[in-house]
Amino acid sequence: MPIARAARARRAAVRLGVVALTGALLAACGSGTSDGTSDAGGGKVTLTVDLFGSFGYKEAGLYAEYEKLHPGVTIKQTDTEDEQDYWKSLQTRLAGGGGLADVQGIEVGRIASVTQQQADKFEDLTKYGASDLKSQFAEAKWSAATTRDGRVLGLGTDVGPEAMCYRTDLFQQAGLPTDREELAEKWSTWDGYLELGKQYKAKAPAKSAWLDSVGSLFTIMIGQQEERYYNASGELIYEDNPAVKTAWNAAAEAAAAGLSAKLDQWSPQWNQAFAAGSFATIPCPAWMLGYIKGQAGDAGKGKWDIAKLPGGAGNWGGSYLSVPRAAKHKKEAYELIKWLTAPEQQARLFEKQGNFPSSTGAIAKVADAKDPYFSDAPIGQIFGDAAKDAPVQVLGIHDKNVADQITNALSEVERKGTSPDKAWANARKGVANVMG
């Protein structure tokens, strides 16, 4: 996931397994009927793809390559910057049955809602042979998109193993070390990270904060936990979960210490801040690398580096590609998403955009990758190690809704000065309202 433009927090944790390489590409032609057969004449078809943010396919040249390999196929993509806006629109279209694309992106925080509440709205991909692909994906990634009766409703794109991205030039100006190994040792814990942030603030360049927002700090910390908002029995536990409270308290401390640039993630101001040097660090899942490149531009090359995340491995985000029941070209849509999520394509996306693969075969292909933009950081090793050590997260129906309400409340703390206790009460009310 990665990315010239991105949505709100994306990607899911996985355990790594064994993978088989993909078979030969299948040519696409015609539109699909309800049983998956082709009904179009002339061998020409336009496949529509609707995503939140940009998954990097167009930027990496994958659409163009697919069209070249499949004469007669044209791919048209639309995307929405904010995943919340995308999801609301998708719900409206699913309810009405019209206006749906052949391929729809699904954020990992929504996949439980799809499998448990909306399975009748999406194609069972086993009808087209998806069962043969199971060995290509980590078990957690595959099972999250599978219903209890065995229907597969999406193919995994990427995952979001976490690290810490930082500006070496700003660190130098503040008198802090810039070596990634030394920093990883200094901020091996989140307390160490906040302490280093206070040192940065004391000598920071003008108009520069330690991190972008306390919401991103909360999100990255909670991504290190197996159970966050739900337990394995499907019970909502966020109010009493010590891990949630620990992440909340750390974010509130960062706000109180004035360490945040007070920027709403995905806002125009946040986008501009990458080039302006408005913050020195940002918790970054692998897909964030492409986003940073897109926002900071060529002028940022060599000014950024990547170090191991404080507090251990974690995961933030991940997505799926699904085919709605109301899609016009179901079989051809399946062939497209099968190809886009194959190991070879996932490996290329990581090397060009930073999207870390959910295909275990692709993970092996990128193990030695380095990124010149980020000071030749060994991104294959850093994110590969994080993916191996990240917990398999328990996902609930309203995972994304709960996360959004909590980060919205933290924005009140840092931007409006709302007390953490009052903001937490507001988050609880927001969750209750969203869940009805």
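Whatever comes next refers back to the structure up there.
Predicted, not measured: the structure shown is a model, and the values here were computed from it. (Residues numbered from 1 in each chain as written. Predicted model: local features only at pLDDT ≥ 70, side-chain atom pairs only at ≥ 80, totals over all residues. Heavy atoms only, no water.)

1. Brief notes about the packing of aromatic side chains
This is how the line gets drawn: What counts as a ring pair is set by centres within 6.5 Å for rings of Phe, Tyr and Trp (its six-membered ring), and what kind of pair is set by the plane angle: stacked under 30 degrees, edge-to-face over 60, tilted for all other angles.
A complete count under the given rule lists 31 aromatic pairs for this structure. In this structure an aromatic cluster arises from ring pairing among W266, W270, F274, F279, W287, Y291, W304, W316, Y373 and F374.

2. Focus: a negative patch on the surface
Our working definition: Only residues whose relative accessible area exceeds 30% and that form no salt bridge enter a patch; like-charged residues are grouped when within 9 Å of one another, and nonpolar side chains (Val, Leu, Ile, Met, Phe, Trp, Tyr) when within 5 Å. Working definition of accessibility: Shrake-Rupley area with a 1.4 Å probe, residue cover restricted to the visible protein chains. When a carboxyl oxygen of Asp or Glu is within 4 Å of a side-chain nitrogen of Lys or Arg, the pair counts as a salt bridge. Charge convention: Lys and Arg are scored as positive, Asp and Glu as negative, and His as well as the terminal groups of each chain are ignored. For this purpose, a charge sits on NZ of Lys, CZ of Arg, CG of Asp or CD of Glu. Secondary structure elements follow DSSP: runs of H or I no shorter than four residues count as helices, runs of E no shorter than two count as strands, and numbering proceeds from the N terminus.
Taken together, the side chains of D179, E181, E182 and E185 define an acidic patch exposed on the protein surface. Tracing the sequence through the fold places E181 in helix α6 (residues 180-186).

3. Concerning the packing of helix α9 (residues 242-256) against helix α17 (residues 420-435)
To be explicit about the condition: Each axis is a line fitted through C-alpha atoms, taken for helices only over the stretch in contact, and angles between the N-to-C directions span 0 to 180 degrees. Roughly parallel here means an angle under 35 degrees, roughly antiparallel means over 145, roughly perpendicular means 65 to 115, and every remaining angle is called oblique. Helix crossings get a hand from a simple test, with the near helix turned counterclockwise from the far one by less than a right angle marking a left-handed crossing and a clockwise turn marking a right-handed one. Throughout, a residue-residue contact means that at least one pair of heavy atoms, one from each residue, lies within 4.5 Å. Residues are grouped as follows: Ala, Val, Leu, Ile, Met, Phe, Trp, Tyr, Cys and Pro are nonpolar; Asp, Glu, Lys and Arg are charged; all remaining types, including Gly, are polar.
For the pair α9 and α17, the least separation of the axes is 11 Å and the interaxial angle reads 130 degrees. One element, α9, and the other, α17, form an angle in the oblique class. Of the two elements, α9 crosses α17, and the hand of that crossing is right-handed. Counting all contacts with α9, which are made through V244, W248 and A252, the residues of α17 involved are P420, A423 and W424. Of the residues in the contact of α9 with α17, the class split is six nonpolar, no polar and no charged.

4. Brief notes about the layout of surface pockets
Over the atoms rolls a probe the size of a water molecule, and in doing so it shows where empty space is left. To be explicit about the condition: A pocket here means an open set of points on a 1 Å grid, computed over the protein atoms alone, that has protein on both sides within 12 Å along at least five of seven lines. A cavity is instead a set of points where a 1.4 Å probe fits but cannot get out; residues with an atom within 4 Å of a point line either one. Grid points are joined across faces, edges and corners, and a volume is the space filled by probe spheres set on the points.
The space that makes up the largest pocket amounts to roughly 600 Å³. Lining the largest pocket are 28 residues, and of these A112, T115, Q116, A144 and L395 lie nearest its centre. Elements that contribute at least two residues to the lining of the largest pocket include exactly α3 (111-117) and α4 (139-144). For the lining of the largest pocket, the residue count by class is 14 nonpolar, 10 polar and four charged.

5. Digging into unusual backbone geometry
Excluding glycine, residues mostly carry a negative phi; peptide bonds, for their part, are mostly trans. The cut-off we apply is this: Partly exposed describes any residue whose relative accessible area lies between the buried limit of under 20% and the exposed limit of over 50%, with all areas from a 1.4 Å probe on protein chains only and scaled to the type maximum.
Here the phi dihedral of K207 falls at roughly 60 degrees; this positive angle occurs in a residue that is not glycine. With respect to the element layout, K207 can be found in the loop between α7 (190-203) and β5 (209-211). Here K207 falls in the exposed class, since its relative accessible area comes to 81%. Although it is not a glycine, W266 adopts a positive phi angle of roughly 75 degrees. Mapped onto the secondary structure, W266 falls in the loop between α9 and α10 (268-276).

6. Topic: the state of the cysteines
Put simply, the test is: What counts as a disulfide here is a pair of cysteine sulfur atoms lying within 2.5 Å.
For the coordinates displayed, the defined rule picks out one disulfide. Here C165 pairs with C284 through a disulfide, and the sulfurs are 2.2 Å apart. Residues C165 and C284 are joined by a disulfide whose S-S torsion is about 90 degrees; by sign, that bridge is right-handed. Of this pair, C165 sits in strand β4 (residues 155-167) while C284 sits in strand β6 (residues 279-285), placing them 119 residues apart in sequence. Overall, the relative accessible area of 0% leaves C165 in the buried class. Overall, the relative accessible area of 0% leaves C284 in the buried class.

7. With respect to the pairing of strand β1 (residues 45-52)
Defined as follows: We treat two strands as partners when DSSP finds at least two bridges between them. A crossover counts as right-handed when, viewed with the strands pointing away from the observer, the path leading from the first strand over the helix to the second turns clockwise.
Across the eight residues that make up β1, a large majority, six, are buried. Here β1 runs beside strand β2 (residues 73-80); their pairing, made up of eight bridges, is parallel. Each residue of the ladder has a partner; that of T48, found in β2, is K76. A crossover links β1 with its parallel partner β2, the connecting element being helix α1 (residues 62-69), and its sense is right-handed. In the sheet, β1 pairs with strand β3 (residues 103-107) via two bridges, with the strands oriented parallel. Along β3, the bridge assignment pairs V49 with V103.

8. Examining the environment of G430
You can see G430 is positioned in helix α17. A relative accessible area of 10% means that G430 is categorised as buried. Sequence-wise, G430 and I406 are 24 residues apart; in three dimensions their C-alpha atoms are separated by 8.4 Å.

9. Topic: empty space enclosed by the protein
Counted by the stated rule, this structure contains one cavity of 30 Å³ or more. Taken as a whole, the largest cavity spans an internal volume of roughly 70 Å³. The wall of the largest cavity is formed by 11 residues, among which T157, D158, Q346, L349 and N355 lie closest to the centre. Elements supplying a minimum of two residues to the lining of the largest cavity: β4, α13 (343-353) and β9 (356-357). Split by residue class, the lining of the largest cavity holds seven nonpolar, three polar and one charged.

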